[in-house]
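# Structural overview for review
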Amino acid sequence: MSSYYEDSSRGRLDGLLDPGSLIEILPPTERMVSPHLRQLDTPAAFDDGIVVGEGRLAGRRVLVAAQEGGFMGGAVGEVHGAKLTGLLERALDTRPDGVLLLVESGGVRLHEANAGLIAVSEVMRAVLAVRAAGIPVIVLDGGTFGCFGGMGIVSRLCDAVVMSEEGRLGLSGPEVIETTMGVEEFDSRDRALVWRTVGGKHRYLLGEAATLVEDDVSAFRAAAFALLDQLSDHGPDLSLAALEAEHAALGSRLERFGGCRDALDIWEKLGVEEPEKLPILDTASFLATVRDRRA
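As a starting point, this report considers the structure included with it. Because the structure is a prediction, the values reported are computed rather than measured.

### With respect to the pattern of salt bridges
Pairing between side chains becomes possible if they bear opposite charge and their charged atoms approach one another. Within this structure, the stated rule accounts for 14 salt bridges. The closest approach of N and O atoms between Glu104 and Arg12, which form a salt bridge, is 2.7 Å. With Glu104 in the loop between strand E4 (98–103) and helix H4 (113–132) and Arg12 in helix H1 (residues 9–16), the pair connects residues that are 92 residues apart, well separated along the chain. Overall, the relative accessible area of 2% leaves Arg12 in the buried class. As a salt-bridge pair, Glu208 and Arg203 come within 3.0 Å of each other at their nearest N and O atoms.

### Things to note about the packing of aromatic side chains
Inspection of the entire model under this criterion finds 2 aromatic pairs. Between the NZ or CZ atom of Arg12 and the centre of the ring of Tyr4, over which it lies, the distance is 4.7 Å. Taking NZ or CZ as reference, Arg294 lies 3.8 Å from the ring centre of Tyr204, over its face.

### Details of the state of the cysteines
Enumeration over the complete set of coordinates arrives at 0 disulfides. For Cys158, which is in no disulfide, the shortest distance to another cysteine sulfur is to Cys147 and amounts to 9.2 Å.

### Things to note about empty space enclosed by the protein
Evaluated as defined, the whole model comprises 1 cavity of 30 Å³ or more. In this structure, the largest cavity encloses a volume near 40 Å³. Taken together, Ile50, Ala65, Ala66, Gln67, Leu84, Leu101, Leu102, Val103 and Met151 form the lining of the largest cavity. Considering only residue class, the lining of the largest cavity consists of 8 nonpolar, 1 polar and no charged.

### Quick notes on a negative patch on the surface
Taken together, the side chains of Glu78, Glu89, Asp93 and Glu122 present a region of like negative charge at the surface. Counting residues per element, the negative patch draws most heavily on helix H3 (residues 78–94), which supplies 3 residues. Following the sequence through the fold, Glu89 ends up in helix H3.

### Here we look at the sheet that holds strand E3 (residues 60–67)
Here we have 7 strands laid out as an open sheet, ordered E1-E2-E3-E4-E5-E6-E7, and mixed in their pairing. Two strands bound the open sheet, and with one partner strand each, they are strand E1 (23–25) and strand E7 (211–213). Each neighbouring strand pair of the sheet contributes to a mean axis angle of 25°, computed without reference to strand direction. Helix H5 (residues 149–157) rests against E3, E4, strand E5 (137–141) and strand E6 (160–164) of the sheet, and its axis sits at about 150° to E4.

The rules we used
- Residues numbered from 1 in each chain as written.
- Predicted model: local features only at pLDDT ≥ 70, side-chain atom pairs only at ≥ 80, totals over all residues.
- Heavy atoms only, no water.
- Salt bridge = Lys/Arg side-chain N within 4 Å of Asp/Glu carboxyl O.
- Helix = DSSP H or I, 4+ residues; strand = E, 2+ residues; numbered from the N terminus.
- Buried < 20%, exposed > 50% of the residue type's maximum accessible area, 1.4 Å probe, protein only.
- Phe/Tyr/Trp six-rings, centres within 6.5 Å; stacked < 30°, edge-to-face > 60°.
- Lys NZ or Arg CZ within 6 Å of the ring centre and 35° of its normal.
- Disulfide = S-S within 2.5 Å.
- 1 Å grid on protein atoms, 1.4 Å probe; cavity = no way out; pocket = protein on both sides within 12 Å on 5 of 7 lines; lining within 4 Å.
- Points joined across faces, edges and corners; volume = space filled by probe spheres on them.
- Nonpolar A, V, L, I, M, F, W, Y, C, P; charged D, E, K, R; others polar.
- Patch = residues over 30% accessible without salt bridge, like charges linked within 9 Å, V, L, I, M, F, W, Y side chains within 5 Å.
- Areas by Shrake-Rupley, 256 points an atom, 1.4 Å probe, with all protein chains shown as cover.
- Lys, Arg positive; Asp, Glu negative; His and termini not counted.
- Charge placed at Lys NZ, Arg CZ, Asp CG, Glu CD.
- Pairing = 2+ DSSP bridges.
- Axes fitted to C-alpha atoms, helices over the stretch in contact; angles between N-to-C directions.
- Contact = heavy atoms within 4.5 Å.

Bear in mind that shape data such as this cannot, by itself, settle questions of function.
Here's what the structure looks like:
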């Protein structure tokens, strides 16, 4: 068993893809560093914190991108975002069986301000273009830094999200919420609260994560392959009617759970017996307990 949570971006790709199949595009030897960081006298990385390339997943040809949380928390800057956008545009030309995004990001890189914001908007547009072309885009989320900000939005634009219990997904990170609204609203140091609110178990119960897996690279690999099979059978519905239906569903969810102060209250409304026990269950026991309780 190899922990996805503790691994690096390249380590995750090594375990996810067929051995020896990864061909990295713009590897560190190309020294693609951010010009903005140099101007600010800030340390740079020769891959700008993201690995992009192509490989095979159980024989299927896929394009992959893996953000490195160890470099600036996986934050998106101009070069980082351009590599991701370029990979997605490559999918339109080469027509792979799917695109896998191994997300781990705190959002936009504050050092690069507007350049980072523009980069994220270009990634969003590219994701929708790839999906509209009938190419599945699958997110894997189980890294140390979670997935927040712009990349949180990108993740929910994709066809499916695979998470482990250790993964986190949201718009604003816990520290941002606390800084903006105060510790009375959200205590970012309360790790149990953080994981209850934005962790994989809660996102799965809300229906935002399609699959919940163990913290194991091989489990992510199996889930990604299964989703490629499932999504290849039918293209996404990106029509206005589908968008309106999604908005209506979100409105209903807000009406149903809007008064809840804690995820525990939501789980209770979903009909989960003894919801306080969910955080301590292993993944298999959790899935068995909540089988018919997802929102």
